[in-house]
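Listed here are the chains, written in short residue letters.
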Amino acid sequence: MGFREDFVWGAATSAYQIEGAAKEGGKGKHIWDVYTAEPGHIYENHTGEIACDHYHRFREDVRSMKEMGLKGYRFSIDWSRVLPEGFGKVNEEGIAFYSQLIDALLENGIEPYITLYHWELPYELYKRGGWMNPEIVEWFGAYARLIAERFSDRVSHFFTLNEPQCFVGLGFLTGEHAPGLKCPIQDTFEMAHNALKAHGRAVQMLRQYGKQPLTIGYAPTSSISYPETDKPEDIEAARQSFFGMQEDDRNWTWNVSWWSDPVLLGHYPEEGLKRYEAYLPKITEADMKLISEPIDVYGQNIYNGKCVRMGADGKPETVKRCEGFPKTAIQWPVTPECLYWGPRFLYERYKKPIYITENGLSCHDTISLDGKVHDPNRIDFLARYLTELKKAADEIDLRGYFQWSLMDNFEWAMGYSDRFGLIFVDYRTQERIWKDSAYWYRDLIRNNGADL
């Protein structure tokens, strides 16, 4: 069995991580432009000002996608590139860039998948309170309407928000990401609620102004809990752990159910409502109706997980990793099981067709003496993870897989110190070199994963 005939093998990127041209083409500032300009926030004070210069080199990058055989390309639109102040005046140069990119993808037989928000919050909106301001629901709705009006004649696949766990949690709770704030926990619940309402408003606007029937999804993230054995009690322990709340309130955003139950089930999880009662904003029925606007597909970004078993006390317990447990260059554990159990648990709970919207790893990639980039760890990692995904594909409605990332890029707080790409980028020259894994992925796509 394995992957369906029309399975979408793709790769993903985000605007600030690859585009560069941060001060060109009429683009406004967003929070990352401002945050990275101040020394001390990012590894070695790197910025995304040039990044992979994709803004000027997108045609070359699309040619690579075609040669790799990608069926889909998931990219984000920089809100501040098309609406420099976040609302109001449209920047036609920014619109033209994305329009040309979309045309190039279609000319090369690659389906565009647009993500509306991958963390580029326009600075002018941030100054007005950003996600704390309930008006952001309509700001984001108007932005979604613009994207629908300009691009939905050619693009039919949209994701609203990418990883709200991160842009709220890392941006405003732990302060590791732009804008680098450590807000009161109560503020972050307000932001989360506004972000979910903004998602719902975007769904409404995409539907209302779409030029054709659209497939709309949402792309949260989390780590996965997978069972130590196939015993029913361990599977149940993993399920409970996966959908449960974090132990530490200062890390509360890092969970699945607070962000996905409202969107897909129409209510916040009971455990969270009880536990976080003191922090919660006013939540109305109208809010929940908006947040749960019907979507068509569910995206999940999955990188790793933890092993869980049922403890003697009838509660889930995490199984300690052995000494020397394998990990990637960014120090994340290598846990292929998460690409079977994650999609399976999510499909059981939410009953929506699933895309893996990001998965991949950082390696210590270098150009070898032969001029090539050999990354056997990435090939091994992908083979292990995709073998598990193939098992899931036999059991659930699994639509596609987007490798993170098409090319090396600006890895947020880590700057250019981590390389996640299938394609190596020499940031001094902007030369692109296919890593061995890119050829491996091309061959995998050709046989639709039959060799896994």
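Below or above, wherever it landed, is the structure these notes cover. (Residues numbered from 1 in each chain as written. Predicted model: local features only at pLDDT ≥ 70, side-chain atom pairs only at ≥ 80, totals over all residues. Heavy atoms only, no water.)

Moving on, we get to the sheet that holds strand 7 (residues 298-301). Pairing in this open sheet of 8 strands is parallel, and the strands run 5-4-3-2-1-11-10-7 from one edge to the other. One side of each edge strand has no neighbouring strand; the edge strands of this open sheet are strand 5 (215-219) and strand 7. Ignoring which end each strand starts from, the neighbouring axes of this sheet average 25 degrees apart. By the bridge criterion, 4 bridges tie strand 4 (residues 157-162) to strand 5 in an arrangement that is parallel. When the bridges of strand 5 are listed, Phe-159 appears paired with Gly-217. Packing against the sheet, helix 7 (residues 136-151) makes contact with strand 3 (111-117) and strand 4, and its axis sits at approximately 160 degrees to strand 3. Where helix 16 (residues 436-446) meets the sheet, its contacts fall on strand 1 (8-12) and strand 11 (398-404), and the angle it forms with strand 1 comes to roughly 155 degrees. (Pairing = 2+ DSSP bridges. Helix = DSSP H or I, 4+ residues; strand = E, 2+ residues; numbered from the N terminus. Axes fitted to C-alpha atoms, helices over the stretch in contact; angles between N-to-C directions. Contact = heavy atoms within 4.5 Å.)

Looking at the element boundaries, Ile-354 is found in strand 10 (residues 354-359). C-alpha separation for the pair Ile-354 and Ala-329, spaced 25 residues apart in sequence, amounts to 28 Å. In contact with Ile-354, other than residues within four places in its own chain, are Tyr-298, Pro-343, Leu-346, Tyr-347, Ile-396, Asp-397, Leu-398, Arg-399 and Gly-400.

Turning our eyes to something else, we now look at the sheet that holds strand 6 (residues 224-227). Read from one edge to the other, the open sheet built from 3 strands follows the order 6-8-9, with strand pairing classed as mixed. The sheet is open, and its two edges are formed by strand 6 and strand 9 (316-318), each paired on a single side. For this sheet, the mean inter-axis angle between neighbouring strands, taken without regard to orientation, is 45 degrees. Here strand 6 runs beside strand 8 (residues 305-310); their pairing, made up of 4 bridges, is parallel. Paired with Ser-225 across the bridge in strand 8 is Lys-306.

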